[in-house]
Each structure stands twice: as structure tokens, then as C-alpha cells.
Amino acid sequence: MDNKRLDILIARIKESGDETAFAEFYELTSKGLFSYLLSIVRRREVAEDLMQDTYVRFRQSVQSYKSGNPVAFLIEIGKNIAFNHIKRAKYETATDFSEWEPVSGEKSVEDLADTTVTDAMKKVLTADEAQIVMLYVVAGFKHREIAEIVKKPVGTVLWTYNNSLKKLRKYLKEEQA
């Protein structure tokens, strides 16, 4: 991602609340944020809700942003919201709405989560492994950027990514046999 471009957009949002700048910022960052949140909570509906909450909180705290790494700033907000959700969810009763069909037939970025591979990821990979794979494959982050987001060395991210792919390949081959 182009951090300079995102910094310019954030500056426009800070100065005048420019909705066009926010819309462009959203377009450039939503895929990565959704992938990250999905890797934490592992449920599409929850990740969508948390994504909305993250952008609301981003708008509220945009004045405190110092230029540098806007994606890390956004992901940090999302991570905090996701972990707070997980803590609260321990005390809530779960209801399964997976049988409900969406009203619109329109596909969005979030629909990328509904694939055979994603289902396999949920079964085979740990949360950390799924997070790294989603950030690389779906969100398009570089391994260096993922290392910054998950606060791990680049070598560890690469190793985890490669081992995760091996696990997925093995599982998918066994499923096909």
C-alpha cells in the first residue's frame, strides 16, 4: 500500500472531514482490514460488524494520527475492537444466523471469505496462521507489512505463511481423495 497516498487522504479528512477522501481511504484499506478482522474472529458477519466499528472509531480518532503508517494505525484500532468483542462474547449467548440469505445478490469484498479454501483454513490453521495467510492472499499486503501488523519478524511471517500453505494443500488433497 502507498502510505504517502493514505497520509494525504488522512490529512484531508483531518482538515475538513472530506467525505471523498474518506471514501477513497476506505476503498484502499477495507480489503486488508476485513481480512485481518476475519482472521481474528473467524466469522464473516462478526468481521463485517467489527469493520464498521473500526471505521467509526477511526473517524473519531483521526485527529490523533501522526503520519507514518496509516494501515498500522487502522489495524491497531481494529485489533482492539476485535479483542474487546471476543472478551464480551464470552458472556453472550450465540445465535446462528448462517441459514439466512442476504437480501441483495450483489457480491462484495467480504464475499471472498466464503470459499472452500477459507473453510479449510478455519479447520486446519491456527488463528495466527490464518491471519497471515488472509493478510497476504486476500488483502495483498507484503510480508514486511504483515510483520509490522502482527509484530513478528519477517522470517517468522514467511515461515508461518509457507507452512500454512503446506498444511492447506495437504488437507485439500486429502479432502479430494
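All of the points below concern the structure found in this document. (Residues numbered from 1 in each chain as written. Predicted model: local features only at pLDDT ≥ 70, side-chain atom pairs only at ≥ 80, totals over all residues. Heavy atoms only, no water.)

**A few points about empty space enclosed by the protein**
Alright, step 1. Scanning all chains against the criterion turns up one cavity of 30 Å³ or more.
Alright, step 2. A volume near 70 Å³ is recorded for the largest cavity.
Alright, step 3. Looking at the lining of the largest cavity, the elements with two or more residues in it are α2 (19-41), α5 (116-124) and α6 (127-137).
Alright, step 4. Residue composition of the lining of the largest cavity, by class: four nonpolar, two polar and two charged. (1 Å grid on protein atoms, 1.4 Å probe; cavity = no way out; pocket = protein on both sides within 12 Å on 5 of 7 lines; lining within 4 Å. Points joined across faces, edges and corners; volume = space filled by probe spheres on them. Helix = DSSP H or I, 4+ residues; strand = E, 2+ residues; numbered from the N terminus. Nonpolar A, V, L, I, M, F, W, Y, C, P; charged D, E, K, R; others polar.)

**Structural notes on the packing of helix α1 (residues 3-16) against α2**
Alright, step 1. At their nearest, the axes of α1 and α2 sit 8 Å apart, and the two run at 145° to each other. Seen along the crossing, α1 lies across α2 with a hand that is left-handed. Facing α1, whose interface residues are R5, L6, L9, I10, R12 and I13, α2 presents T20, A21, F22, E24, F25, L28 and T29.
Alright, step 2. Class assignment for the residues of the contact of α1 with α2 results in eight nonpolar, two polar and three charged. (Axes fitted to C-alpha atoms, helices over the stretch in contact; angles between N-to-C directions. Left-handed = near helix turned anticlockwise from the far one by under 90°. Contact = heavy atoms within 4.5 Å.)

**Quick notes on the packing of aromatic side chains**
Alright, step 1. Considering all chains together, one arrives at seven aromatic pairs under this definition.
Alright, step 2. An angle of 5° between the planes, with centres 4.7 Å apart, marks the rings of F25 and F58 as stacked. Within this pair, whereas F25 is found in helix α2, its partner F58 is found in helix α3 (residues 44-61), the two being separated by 33 residues in sequence.
Alright, step 3. Relative accessible area serves as the criterion here: at 0%, F25 is assigned to the buried category.
Alright, step 4. Directly above the ring of F22 sits R59, whose terminal nitrogen or CZ lies 4.5 Å from the centroid. (Phe/Tyr/Trp six-rings, centres within 6.5 Å; stacked < 30°, edge-to-face > 60°. Buried < 20%, exposed > 50% of the residue type's maximum accessible area, 1.4 Å probe, protein only. Lys NZ or Arg CZ within 6 Å of the ring centre and 35° of its normal.)

**Re the packing of α2 against helix α4 (residues 70-89)**
Alright, step 1. Close contact between α2 and α4 brings their axes to 10 Å; oriented N to C, the two are set at 35°. Judged by the twist between their axes, the crossing of α2 over α4 is right-handed. Two secondary-structure elements touch here, α2 through F25, T29, L33, Y36, L37, I40 and V41 and α4 through P70, L74, I75, G78, K79, A82, F83, H85 and I86.

**Re the pattern of salt bridges**
Alright, step 1. This structure, assessed with the given rule, holds nine salt bridges.
Alright, step 2. Measuring nitrogen to oxygen at the nearest pair gives 2.8 Å for the salt bridge that ties D18 to R12.
Alright, step 3. Between E76 and K79 there is a salt bridge, with the nearest N and O atoms lying 3.4 Å from each other. Residue E76 and its partner K79 are located together in helix α4, separated by three residues, close to a single helical turn.
Alright, step 4. Judged by relative accessible area, E76 falls into the partly exposed class, the value being 32%.
Alright, step 5. Classification of K79 by relative accessible area gives buried; the value is 17%.
Alright, step 6. The structure contains a network of salt bridges with shared partners spanning E76, K79 and K151. (Salt bridge = Lys/Arg side-chain N within 4 Å of Asp/Glu carboxyl O.)

**Here's the deal with the environment of N69**
Alright, step 1. Note that N69 resides in the loop between α3 and α4.
Alright, step 2. Among the residues examined, N69 registers a relative accessible area of 24% and is labelled partly exposed.
Alright, step 3. It is 8.8 Å that separates the C-alpha atoms of N69 and K4, two residues lying 65 residues apart in sequence.
Alright, step 4. Apart from the residues within four sequence positions on either side, N69 is in contact with N3 and E148.

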